Each structure stands twice: as structure tokens, then as C-alpha cells.
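Now for the letters of each chain:
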Amino acid sequence: SKNELSTNDAFFQKGSLQVIHAPKHVKVEMVDNFIKEIVADAEASCDQEPGCLRFDVFQNIEDPGEIFLYEVYANPDAFQYHMGTPHIKVWQEATKDMYDDSKQDEQESNTCVGRNVWPPDNWGWSVY
């Protein structure tokens, strides 16, 4: 199958995608507004950035103020492009006062940037 061939091809095992996992700790009273703003940013990222392959937002059901971002970019340059877009600047400004300051250190230390291990690069990471 196509999937078996791709997983066995050394070219696709390099894991060249840039993957971001970022926990966000939001003040409970600001969660709905934060979700509105991050969804707008995620939609703009997926619609306007060819290098943004995936942008998931999920919420901890036991701690609604804990929001996780899972983003996949074609390469580090695509992520750097993302960081300079107008829509991320709008998101950063809109959400700057929404974070739970008591968890700021935890939030920063738990953000990680990595590379994909599975699935391989050519498995259709695109959101569309």
C-alpha cells in the first residue's frame, strides 16, 4: 500500500516537519474569549499559510483553563513565517492579559518544539 511504501522509504523518515506543543493556562473567566481568539488565529493560519499543515486546539475537560495548541509546519521557516503574520500579532495582543500568571512558569517550560516521528512527512498532514 501507499502507506507501507512511504513508511519504508528513508527519505520520509527524516522527520523534517516542525511540530509545536504549547500548553496555555488561561484565567477561568477568560476561557471563552481566549478560545474565540485562538480559533480565529488557527483558522487564519490554516487558510493563509501554505506552510501550516495542522493547527489543533484542545481543552482539558477537568481544567477548562488549560488549553493546548498542537501545530505542524512544513519546516522551521514556515513556523518563523507564521510568527510574523498579522493574524498572530492580533491574537497576541488580544490574549496578552488572559493568562493565569500563577502558571506562567509552567506554561513556558512545557512548551516544546520537535520533529515528527510518526506519521512520516508524506502522510498528508494538511488540514484540508
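## Things to note about the layout of surface pockets
Then, number 1: Roughly 260 Å³ of volume is contained in the largest pocket.
Then, number 2: If you go around the largest pocket, you meet 18 residues; those closest to its centre are Lys24, Met83, Ile88, Trp91 and Gln92.
Then, number 3: Breaking the lining of the largest pocket down by element, the ones donating at least two residues are β1 (18-25), β3 (66-73), α3 (76-83) and α4 (86-95).
Then, number 4: Tallying contributions element by element places α4 first for the lining of the largest pocket, with 4 residues.
Then, number 5: In the lining of the largest pocket, the residues fall into 10 nonpolar, 4 polar and 4 charged.

## Quick look at the packing of aromatic side chains
Then, number 1: Tallied over the entire structure, the rule returns 4 aromatic pairs.
Then, number 2: Aromatic pair Phe34 and Trp91: ring centres 6.2 Å apart, planes at 65 degrees, arrangement edge-to-face. Here Phe34 is found in helix α2 (residues 31-48), whereas its partner Trp91 is found in helix α4, with 57 residues between them in sequence.
Then, number 3: On the basis of relative accessibility, which here comes to 0%, the residue Phe34 falls in the buried class.
Then, number 4: Ring geometry for Phe58 versus Phe68: centroids 5.1 Å apart, planes at 20 degrees, classification stacked. Pair noted here: Phe58 is in strand β2 (residues 52-59) and Phe68 is in strand β3, with a separation of 10 residues, a long-range link.

## Structural notes on α2
Then, number 1: Here α2 contains 18 residues, and its C-alpha end-to-end distance of 25 Å stays within 8% of the 26 Å for a straight helix at 1.5 Å per residue.
Then, number 2: Every buried residue of α2 is listed here: Val31, Phe34, Glu37, Ile38, Asp41, Ala42, Ala44, Ser45 and Cys46.
Then, number 3: Contacts made by the buried residues of α2 are with β1, β2, β3, α3 and α4.

The rules behind each value
Residues numbered from 1 in each chain as written. Predicted model: local features only at pLDDT ≥ 70, side-chain atom pairs only at ≥ 80, totals over all residues. Heavy atoms only, no water. 1 Å grid on protein atoms, 1.4 Å probe; cavity = no way out; pocket = protein on both sides within 12 Å on 5 of 7 lines; lining within 4 Å. Points joined across faces, edges and corners; volume = space filled by probe spheres on them. Helix = DSSP H or I, 4+ residues; strand = E, 2+ residues; numbered from the N terminus. Nonpolar A, V, L, I, M, F, W, Y, C, P; charged D, E, K, R; others polar. Phe/Tyr/Trp six-rings, centres within 6.5 Å; stacked < 30°, edge-to-face > 60°. Buried < 20%, exposed > 50% of the residue type's maximum accessible area, 1.4 Å probe, protein only. Expected span 1.5 Å × (residues − 1). Contact = heavy atoms within 4.5 Å.

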